[in-house]
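Coordinate analysis (summary)
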Amino acid sequence: MKLQANFLCALTLFLSASFGMLHAQDTNVTTEFGVKGGYNMSNLIDSGDDVNDNNILSGFNAGFYATLPVSDFVAIQPEILFTTKGAKLEYNAGAFEGDAKFRLNYIEVPLLVRVNITKNFNVHAGGYASYLVSSKVTGDGIEINEEVDRDNLNKFDAGIAAGVGVDFDPISIGVRYNYGLTTVGKERTVLGETYTFPDVRNSNLTLYLSYKLN
């Protein structure tokens, strides 16, 4: 997605400019436990990194997080989330046209390094691993509501994540981008030919809200 690529570029430039200011800020990190949830904008990227912003699928995420300090301004932040991903596809088959939604539901475990640039502003980056719990295709032109056999897909996904957050104790808001490094489809061999279907990876931009419980 263009929006996601621009976000990553902006985040990289911001990190380069910000680390030199840490010594002059009140950046104290404390131990936190809380709940969080948010709005997902997902897409699927093919092996050529081709994307179409019209294919963005809306979804959500919800779960728990912890912030575990390792210094005055750095912490490790593990999370466990239920999150929806996938893409929306337009089709036109003769007299039938409409949108088909390919939904992938995961239990996701991000593990992030969080850096407090100021007391109320943080950046975070790391990786995630997730397990596919269900998948479905629905359509509104031709009536479609079919479960997709998980045995035909990779049940495990992994990738990288980066984002920014603003803290208003006990509430925080932020934005994060996840980029999958594994394909959604499995590699298979048919008649001596090896291929991956679907040969796409997850791409997900999240707007989140979290609430500190302790």
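The structure under discussion appears in the preceding block.
Here the residue numbering is sequential within each chain, running from 1 through the sequence in written order. Thresholds applied to this predicted model are a pLDDT of at least 70 for local features of residues and 80 or more for the giving and counting of side-chain atom pairs; totals over whole chains, interfaces and linings are not thresholded and use all residues. Calculated side-chain values reflect all of the structure's heavy atoms, with hydrogen atoms and water omitted.

1. Digging into the side chain of Lys 85
Helix and strand definitions follow DSSP, with helices as H or I runs of at least four residues and strands as E runs of at least two, each counted in order from the N terminus. Structurally, the position occupied by Lys 85 is in strand β3 (residues 74–93). Engagement of the side chain of Lys 85 in a polar contact is seen with the side chain of Glu 108, the distance being 2.8 Å. In what follows, a contact means two residues having at least one pair of non-hydrogen atoms within 4.5 Å. Each residue touching Lys 85, except ones within four places of it in the same chain, is listed here: Ser 42, Leu 57, Phe 102, Arg 103, Leu 104, Tyr 106, Glu 108, Tyr 128, Asp 157, Asn 178, Asn 202 and Asn 204. As used in this structure description, the phrase polar contact means that two N or O atoms lie within 3.5 Å; if the pair is within protein, one of them must be able to donate a hydrogen and the other to accept it, and residues adjacent in sequence are counted only when both atoms belong to side chains.

2. Digging into the layout of surface pockets
With a 1 Å grid laid over protein atoms only, a set of points is called a cavity when a 1.4 Å probe fits there but cannot get out and a pocket when it is open yet has protein on both sides within 12 Å along at least five of seven lines; lining residues have an atom within 4 Å of a point. Grid points are joined across faces, edges and corners, and a volume is the space filled by probe spheres set on the points. Considered as a void within the structure, the second largest pocket measures approximately 250 Å³ in volume. Lining the second largest pocket are 16 residues, with Thr 30, Glu 32, Lys 119, Asp 169 and Lys 212 sitting closest to its centre. Of all the elements in the fold, those that place two or more residues in the lining of the second largest pocket are β4 (96–118), β7 (156–168) and β8 (171–183). Residues are grouped as follows: Ala, Val, Leu, Ile, Met, Phe, Trp, Tyr, Cys and Pro are nonpolar; Asp, Glu, Lys and Arg are charged; every other residue, Gly included, is polar. Taken together, the residues of the lining of the second largest pocket sort by class into five nonpolar, five polar and six charged.

3. Notes on the environment of Tyr 106
Tracing the backbone shows Tyr 106 in strand β4. Relative accessibility under 20% of the residue-type maximum defines a buried residue, over 50% an exposed one, and the middle range a partly exposed one, all with a 1.4 Å probe and only protein chains included. We classify Tyr 106 as buried; its relative accessible area is 1%. The spatial distance from the C-alpha of Tyr 106 to the C-alpha of Leu 132 is 4.5 Å, given a sequence separation of 26 residues. Of note is the side chain of Tyr 106, whose polar atom sits 3.1 Å from the side chain of Asn 202.

4. Observations regarding unusual backbone geometry
In this chain, Asp 169 is followed by Pro 170 through a cis amide linkage whose omega measures 10°. Considering the arrangement of structural elements, one finds Pro 170 in the loop between β7 and β8.

5. Brief notes about the nonpolar core
What we call a nonpolar core is a set of buried Ala, Val, Leu, Ile, Met, Phe, Trp, Tyr and Cys residues that are connected through their side-chain atoms within 4.5 Å. Counting residues in hydrophobic clusters, the biggest one holds ten residues: Met 41, Ile 45, Val 74, Val 115, Ile 117, Val 123, Val 164, Val 175, Tyr 177 and Leu 205. Those elements that place two or more of their residues in this core are β1 (32–46), β4 and β8. Judged by nonpolar contacts, the second largest core, of nine residues, contains Ala 87, Leu 104, Leu 153 and Val 184.

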